[in-house]
Amino acid sequence: MVSFSGQGVFKSLRVFLVSILLLLNVPVGLCGCYKRIFSFGDSIIDTGNFANGKGFLMEFPFGMTYFHRPTGRICDGRVLVDFYAQAFQLPLLPPNLPEKDTGMFPNGGNFAVFGSTAMPPDYFLRWNHTVPMLCHLGMQMGWFKDLMQRIAPGDDAKRQILGESLIILGEIGGNDYNFWFGDGTKPREVAAQFIPDIMATIGSSIKELIGMGAKVIVIPNNFPIGCVPAYLSGHKSDNHADYDEHGCLRWFNDFSRRHNMELRGMVNQLSEQNPDVKLIYADYYGAAMEFIKDPHRFSIGDPLTTCCGGDEQPYHTNKPCDKTSKIWGNPSGFASWDGMHMTEKAYEVISQGVLNGPFANPPLLRTC
């Protein structure tokens, strides 16, 4: 005969509740939330596709902070996708191109390439404009589909892999504007004509990924380009009204916000059409503005000054970052690495805002 005591029941209940609380507080990555990460984009998250083991990116001072050696990343250390992989207890993502035809990529892979655009190069010919890079989002999607066909032939196999994977789609589209604005001879207002086509291209890729079986896709927006040192140096103005209270160029930040508004609307629309898929709009713009507005909170000095570059004041952008450049201090005290790309410190701040909130809804660590 079994007897029950009130004290025993309450004790068991306390043990049960404590166990639940402990489980809820286990880091998400330890739960095996995602088995793989696949990422697409440009130099912001390129982990070695462009360099492929050679060139200036494989020389000091690149990689000096975290890896203590060059890895092909356009940074002093880790880039955004590295922080996402580490948060989910996964190995850092290998670049796709070195093993494009043979690699099995058991933990995912990175298709992002330095200089990539959303639109293919021939798209810009209608404006008598050429872009210096051939790689674009459609090309990366082609590599991805080739990989999936090799490692998971059959629709069911693909759905199984993608159903347990995290997809990082971008940031992409920034270079479509960067190459136009950097030309110096083009009317800047024309770049707004690219936005609808870039949205359609990104949207088409999202739909393809969903059709293949993806269940969680992060779609980041564009950065506040008006705060980027290369823009500040290349588009100097004698009109104080062209700058905001943080020293950033108003017009270019307004342009980024216009792109971001269209992107958010597109993501919201696709979310309504695909309620069983998590489409996460990541606000890189808002996260970056945190250290622009209050750099000392993150132990950053001047967020508009480049760490690796030349002697020109105040932005140091008169020389590209290479082994002969001046390093102006510990990169952890800077937001900009080379005038266009950020430091590991800046990427860490942004990634934490996406992983833990408030710069993703839901925060990425809560998507499990």
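Residues numbered from 1 in each chain as written. Predicted model: local features only at pLDDT ≥ 70, side-chain atom pairs only at ≥ 80, totals over all residues. Heavy atoms only, no water.

Draft legend 1. Local environment of the sheet that holds strand β2 (residues 108-110). What the five strands build is an open sheet, ordered β2-β1-β3-β4-β5; its pairing is parallel. This sheet does not close on itself; its edge strands, each paired only once, are β2 and β5 (278-282). Strand after strand, the sheet turns through a mean of 20 degrees between neighbouring axes, direction not considered. Each of β1 (36-40) and β3 (165-169) is contacted by helix α3 (residues 137-151), which is oriented at about 150 degrees to β1, the strand it contacts most. The sheet strands contacting helix α4 (residues 155-163) are β1 and β3, and the helix crosses β3 at an angle near 80 degrees. (Pairing = 2+ DSSP bridges. Helix = DSSP H or I, 4+ residues; strand = E, 2+ residues; numbered from the N terminus. Axes fitted to C-alpha atoms, helices over the stretch in contact; angles between N-to-C directions. Contact = heavy atoms within 4.5 Å.)

Draft legend 2. Inspection of the pattern of salt bridges at higher detail. Counted by the stated rule, this structure contains 13 salt bridges. E164 serves as the salt-bridge partner of K35, at 3.6 Å between the closest nitrogen and oxygen. Remark: E164 occurs in the loop between α4 and β3 and K35 occurs in the loop between α1 (6-24) and β1; sequence separation between them is 129 residues. Here the residues in one salt-bridge network are K35, R36 and E164, joined through shared partners. (Salt bridge = Lys/Arg side-chain N within 4 Å of Asp/Glu carboxyl O.)

Draft legend 3. Quick peek at the confidence of the model for the chain. When the pLDDT values of the chain are averaged, the result is 92; 91% of them are 70 or greater. pLDDT under 50 marks residues 1-31. Its contacts with residues more than four places away, or in other chains, come to nine contacts. (pLDDT = per-residue confidence, 0-100.)

Draft legend 4. The arrangement of helix α10 (residues 344-355) in detail. Look at α10: 16 Å from first C-alpha to last across 12 residues, which is about the 16 Å you get at 1.5 Å a residue. The element α10 is largely enclosed, with a buried count of 10 among its 12 residues. For α10, the set of buried residues is E344, K345, A346, Y347, V349, I350, S351, G353, V354 and L355. In this structure, the buried side of α10 is in contact with α2 (80-87), β5 and α9 (284-293). (Expected span 1.5 Å × (residues − 1). Buried < 20%, exposed > 50% of the residue type's maximum accessible area, 1.4 Å probe, protein only.)

Draft legend 5. Focus on the packing of aromatic side chains. The tally for this structure, following the rule as stated, stands at 24 aromatic pairs. Ring geometry for F40 versus F111: centroids 5.3 Å apart, planes at 15 degrees, classification stacked. Of the two residues, F40 sits in strand β1 while F111 sits in the loop between β2 and α3, which places them 71 residues apart along the sequence. With a centroid separation of 5.6 Å and 20 degrees between ring planes, the pair formed by W251 and F255 is classed as stacked. Of this pair, W251 and F255 are both found in helix α8 (residues 250-273), four residues apart, which corresponds to roughly one turn of the helix. Residue classification places F255 among the buried residues on the basis of a relative accessible area of 5%. Aromatic rings pair up to connect Y177, F181, Y231, W251, F252 and F255 into one cluster. Of note, R188 hangs over the ring of F252, and the distance from its end group to the ring centre comes to 5.7 Å. (Phe/Tyr/Trp six-rings, centres within 6.5 Å; stacked < 30°, edge-to-face > 60°. Lys NZ or Arg CZ within 6 Å of the ring centre and 35° of its normal.)

Draft legend 6. The nonpolar core, seen in detail. In terms of nonpolar packing, the biggest core is built from 105 residues, with I202, I206, I217 and F291 touching the most fellow members. With nine residues, the next largest nonpolar core counts A51, C307, C308 and F334 among its residues. (Core = buried A, V, L, I, M, F, W, Y, C linked by side-chain atoms within 4.5 Å.)

Draft legend 7. Geometry of the pairing of β3. Counting buried residues in β3 gives five out of five residues, a clear majority hidden from the surface. Across the two faces of β3 the burial is the same, with S165, I167 and L169 and L166 and I168 all buried. As judged from the five bridges shared by β1 and β3, these two strands associate in the parallel manner. From the neighbouring strand, R36 faces β3, where its bridge partner is S165. Where β3 and strand β4 (residues 216-220) come together, two bridges link them in parallel fashion. Within β4, the position partnered with I168 by the bridge is V218.

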